[in-house]
Amino acid sequence: MSSVPVAVVTGSNKGIGLAIVRALCKQFPGDVYLTSRDPQRGQAAVAQLQQEGLRPLFHQLDVDDLQSIRALRDFLKEKYGGLNVLVNNAGIAFKVHDTTPFAVQAEVTLKTNFFGTRNVCTELLPLMKPYGRVVNVSSMVSSSALGGCSQELQQKFRSDTITEDELVQLMTKFVEDTKKGVHEKEGWPNTAYGVSKIGVTVLSRIQARLLNEQRKGEHILLNACCPGWVRTDMAGPKATKSPDEGAETPVYLALLPSNADAPHGQFVSNKTVKPW
Ligand code: NAP
């Protein structure tokens, strides 16, 4: 078994994820795994970074596929005996003018952004080694979408005692409410992406709390963040940051030094903790 530290970035064949792998290859003292649901796109991205003189490793990972997540989990357990850095970056967004019915957009978006991210956490968080760092890439849109929720929902999403099961029930209810055409009446904002990212931010707050309660002595730090508005296939060419600039906050959180005890359980943007 290798004692080399190991970092994994989900959805890293392009965009911000690829830029996070590039930065970690330069700064993280260990093996860095570029992962992709499609091995060909993943290997092409590895080749691109190799051209830049970097040495990322590759593993397949589709966050929508529990078998794929578990295969990565078993690989990490066997080869490294755990994991030091996990960046949950994989995500999707329908374009603003996409005509796909809203209920379908809700189901598909929540599936990857919330349920996929949660499944990766369920399988990989138990592997995190002491002083491990977990970064869940959310979005400022989670804050604006929270503001668009009913007072009752806002209270639930800001609660310091909400459980993961309760959050899963709420995310499931959103999808069901869109199918019944009652989501606005039920207090939800009209954004599937926004609700999925509320899920990611609240999940991060819950997971950080559980680490405090159950694994305090292990000094693991877990945060959600916004990368900013970044020029990728998702956000388009008019966005203000390059992918490398978008990687800065996630990489800062992934490399928090071993003597740091904060931030933890926070929503971070431009390397600054934001109110939730
Ligand atoms: P992007 O260029 O579209 O890249 C998204 C990445 O996620 C791709 O590698 C994609 O793989 C992967 N992915 C999608 N579904 C997946 C799945 N089921 N399993 C594994 N990988 C999957 O988008 P981006 O702008 O870099 O976004 C990265 C993250 O930042 C997302 O979580 C996004 O919500 C967040 N974010 C972006 C912005 C922005 O302005 N760009 C702002 C705030 C937050 P494929 O190539 O196979 O599709």
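Residues numbered from 1 in each chain as written. Predicted model: local features only at pLDDT ≥ 70, side-chain atom pairs only at ≥ 80, totals over all residues. Heavy atoms only, no water.

The name given to the protein in an unreviewed UniProt entry is carbonyl reductase (NADPH), with Phainopepla nitens as the source organism. The UniProt entry for the protein carries the following text under Subcellular location (unreviewed entry): "Cytoplasm". Listed under Sequence similarities (unreviewed entry) in UniProt, the entry text for the protein is "Belongs to the short-chain dehydrogenases/reductases (SDR) family." (UniProt positions renumbered as here; feature names shortened; annotations may be inferred.)

**Student:** How would you summarise the packing of aromatic side chains if you had to cite specific residues and measurements?
**Tutor:** Geometry of an aromatic ring pair is reported as the spacing of the ring centres plus the angle between the planes. Under the counting rule described, the total for this entry stands at eight aromatic pairs. When the centroid spacing of 6.0 Å and the interplanar angle of 85° are considered together, the rings of Tyr33 and Tyr80 count as edge-to-face. With Tyr33 in strand 2 (residues 31–36) and Tyr80 in helix 3 (residues 66–80), this residue pair connects regions lying 47 residues apart in the sequence. Each member of the pair Tyr33 and Tyr80 is classed as buried. Seen in terms of ring centroids, Phe102 and Phe174 are 6.4 Å apart; in terms of plane orientation they differ by 85°. Their pairing is edge-to-face. One end of the pair, Phe102, is in helix 4 (residues 102–124); the other, Phe174, is in helix 7 (residues 164–180), with 72 residues separating them in the sequence. Using a relative accessible area of 24% as the deciding quantity, one classes Phe102 as partly exposed. Overall, Phe174 belongs to the buried group, its relative accessible area being 0%. (Phe/Tyr/Trp six-rings, centres within 6.5 Å; stacked < 30°, edge-to-face > 60°. Helix = DSSP H or I, 4+ residues; strand = E, 2+ residues; numbered from the N terminus. Buried < 20%, exposed > 50% of the residue type's maximum accessible area, 1.4 Å probe, protein only.)

**Student:** Describe the site of the ligand, with residues and values.
**Tutor:** Residues in close proximity to the ligand total 29 residues, the closest being Arg37, Asn89, Tyr193, Val230 and Thr232. Here Ile16 contributes a backbone N or O atom positioned 2.8 Å from an oxygen atom of the ligand. Within the side chain of Arg37, a nitrogen or oxygen atom sits 2.8 Å from an oxygen atom of the ligand. When isolated, the ligand has an accessible area of 900 Å², and the protein chains bury 94% of it. Looking at the shell around the ligand, the elements with two or more residues in it are helix 1 (15–27) and helix 8 (192–214). When the residues that make up the shell around the ligand are grouped by side-chain class, the tally is twelve nonpolar, ten polar and seven charged. (Near = heavy atom within 4 Å. Polar contact = N/O pair within 3.5 Å; in protein donor to acceptor, adjacent residues only side chain to side chain. Areas by Shrake-Rupley, 256 points an atom, 1.4 Å probe, with all protein chains shown as cover. Nonpolar A, V, L, I, M, F, W, Y, C, P; charged D, E, K, R; others polar.)

**Student:** Let's hear about the state of the cysteines: which residues, and what values?
**Tutor:** If you walk through the whole model with that rule in mind, you get zero disulfides. With no disulfide of its own, Cys121 lies 13 Å from the sulfur of Cys225, the closest cysteine sulfur. Exposure remark for Cys121: the relative accessible area of 2% places this residue in the buried category. Considering cysteine sulfurs only, Cys226 is the nearest to Cys225, which forms no disulfide, with 7.2 Å between them. (Disulfide = S-S within 2.5 Å.)

**Student:** If you had to explain the nonpolar core to someone new, which residues and values would you point to?
**Tutor:** The biggest cluster of nonpolar side chains holds 31 residues, and the ones touching the most others in it are Ile20, Val21, Leu24, Leu34 and Val87. Of all the secondary structure elements, the ones that give two or more residues to this core are strand 1 (6–9), helix 1, strand 2, helix 2 (39–51), strand 4 (83–88), strand 5 (128–137), strand 6 (221–226) and helix 10 (248–254). The element contributing the most residues to this core is helix 1, with eight residues. Other than its neighbours up to four places away in sequence, Val21 contacts Val9, Ser12, Val32, Tyr33, Leu34, Leu49 and Pro56. (Core = buried A, V, L, I, M, F, W, Y, C linked by side-chain atoms within 4.5 Å. Contact = heavy atoms within 4.5 Å.)

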